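Fold and contact review
The primary structure of each chain is shown beneath.
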Amino acid sequence: MITSDGHGGTFVDRIRSSAFVPGRNVDPEVLALKHAHIRDPHVAPINALADRVADSEGIARGLVPYVDPQMGGVDAEVLALLDNPSTKAEAGTGSGLLSLENNDGSARFCAERYNDFGLAPGRVVHWNVAPAPIAGVKNGQSSPAERVRGARWLHELLELLPNRLFRIRSA
């Protein structure tokens, strides 16, 4: 298993500061290592939120994809909102990670753009407006009801991000 980059840092430390590698999560060794770090301090609060979403939706934990530990997590400077988990992110049909190194078009597009702009993985975090798997066509658009349900979780996510440049007002 990959644990060190040969320069004293761990693989996860290295991939947080280097360019995205689209499709890297097809490597079972890489994926296992990432899963071993889903409770690291920078992503643990967000991944605990993913578990709360799953519990609330009555689905197994892990079906709401966990944030890839390569990402910035609560330390991120940039939050990117997507619509819903792709099948390549869902556990069982994909990596189980909300990751730009999944083998799908959306992940590849975002990874390539971030690489073009020099945005390192450790500076960004992704979340889905509808965080649970959607009921409709897979890899399609979420329904208005699914997005409304997701708004609660988005509010909780925003409270976890200390680098936010906005204020959240409660109703």
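Residues numbered from 1 in each chain as written. Predicted model: local features only at pLDDT ≥ 70, side-chain atom pairs only at ≥ 80, totals over all residues. Heavy atoms only, no water.

**Overview of the overall build of the protein**
Within the protein one finds five helices and four strands. For the protein, the N- to C-terminal ordering of α and β elements is α-α-α-β-β-β-α-β-α. Scored against the burial criterion, the 171 residues of the protein give a buried share of 44%. As displayed, the protein offers around 8500 Å² of accessible surface, 56% of which is attributable to carbon and sulfur atoms. (Helix = DSSP H or I, 4+ residues; strand = E, 2+ residues; numbered from the N terminus. Buried < 20%, exposed > 50% of the residue type's maximum accessible area, 1.4 Å probe, protein only. Areas by Shrake-Rupley, 256 points an atom, 1.4 Å probe, with all protein chains shown as cover.)

**Digging into empty space enclosed by the protein**
Under the defined criterion, the tally for this structure stands at two cavities of 30 Å³ or more. The computed volume of the largest cavity comes to approximately 70 Å³. What lines the largest cavity is simply Glu-57, Ala-130, Pro-131, Ala-132, Pro-133, Ile-134, Glu-146, Arg-149, Gly-150 and Trp-153. For the lining of the largest cavity, the element with the most residues is helix H5 (residues 144-160), which contributes four residues. Approximately 30 Å³ is the volume attributed to the second largest cavity. Among the residues making up the lining of the second largest cavity, the classes are represented as five nonpolar, one polar and no charged. (1 Å grid on protein atoms, 1.4 Å probe; cavity = no way out; pocket = protein on both sides within 12 Å on 5 of 7 lines; lining within 4 Å. Points joined across faces, edges and corners; volume = space filled by probe spheres on them. Nonpolar A, V, L, I, M, F, W, Y, C, P; charged D, E, K, R; others polar.)

**Some thoughts on the environment of Val-30**
In this structure, Val-30 sits in helix H2 (residues 28-35). Classification of Val-30 as buried rests on a relative accessible area of 4%. With 19 residues separating them in the primary sequence, Val-30 and Phe-11 have C-alpha atoms 9.1 Å apart.

**Observations concerning the packing of aromatic side chains**
Within this structure, the stated rule accounts for one aromatic pair. Ring geometry for Phe-20 and Tyr-114: centres 6.0 Å apart, planes at 45°, overall tilted. Residue Phe-20 is located in the loop between helix H1 (11-17) and H2, and its partner Tyr-114 is located in helix H4 (residues 105-117); the two are separated by 94 residues in the primary sequence. Neither residue differs from the other here; Phe-20 and Tyr-114 are each classed as buried. The positively charged end of Arg-113 is found above the aromatic ring belonging to Phe-109, 4.9 Å away from the centroid. (Phe/Tyr/Trp six-rings, centres within 6.5 Å; stacked < 30°, edge-to-face > 60°. Lys NZ or Arg CZ within 6 Å of the ring centre and 35° of its normal.)

**Things to note about the confidence of the model for the protein**
Here the protein averages 86 in pLDDT, and 84% of its residues register 70 or above. Below a pLDDT of 50 lies the segment residues 1-7, which in the model reaches 15 contacts outside its immediate sequence neighbourhood of four places, other chains included. In the model, residues 167-171 has pLDDT below 50 throughout and makes three contacts with residues more than four positions away in sequence or in other chains. (pLDDT = per-residue confidence, 0-100. Contact = heavy atoms within 4.5 Å.)

**Observations regarding the pairing of strand E4 (residues 124-128)**
Extensive coverage of E4 is indicated by the burial of five of its five residues. Burial along E4 is two-sided: the residues Val-124, His-126 and Asn-128 and Val-125 and Trp-127 are all buried. By the bridge criterion, five bridges tie strand E2 (residues 78-82) to E4 in an arrangement that is parallel. Within E4, the position partnered with Val-78 by the bridge is Val-124. (Pairing = 2+ DSSP bridges.)

**A few points about the nonpolar core**
Counting 31 residues, the largest nonpolar core has Phe-20, Ile-46, Leu-100, Tyr-114, Trp-127 and Leu-157 as the members making the most contacts within it. Secondary-structure elements contributing two or more residues to this core are helix H3 (44-57), strand E1 (66-67), H4, E4 and H5. No other element matches the five residues that H3 contributes to this core. (Core = buried A, V, L, I, M, F, W, Y, C linked by side-chain atoms within 4.5 Å.)

**Some details on the side chain of Lys-34**
Secondary-structure assignment places Lys-34 in helix H2. Given a relative accessible area of 0%, Lys-34 falls into the buried group.

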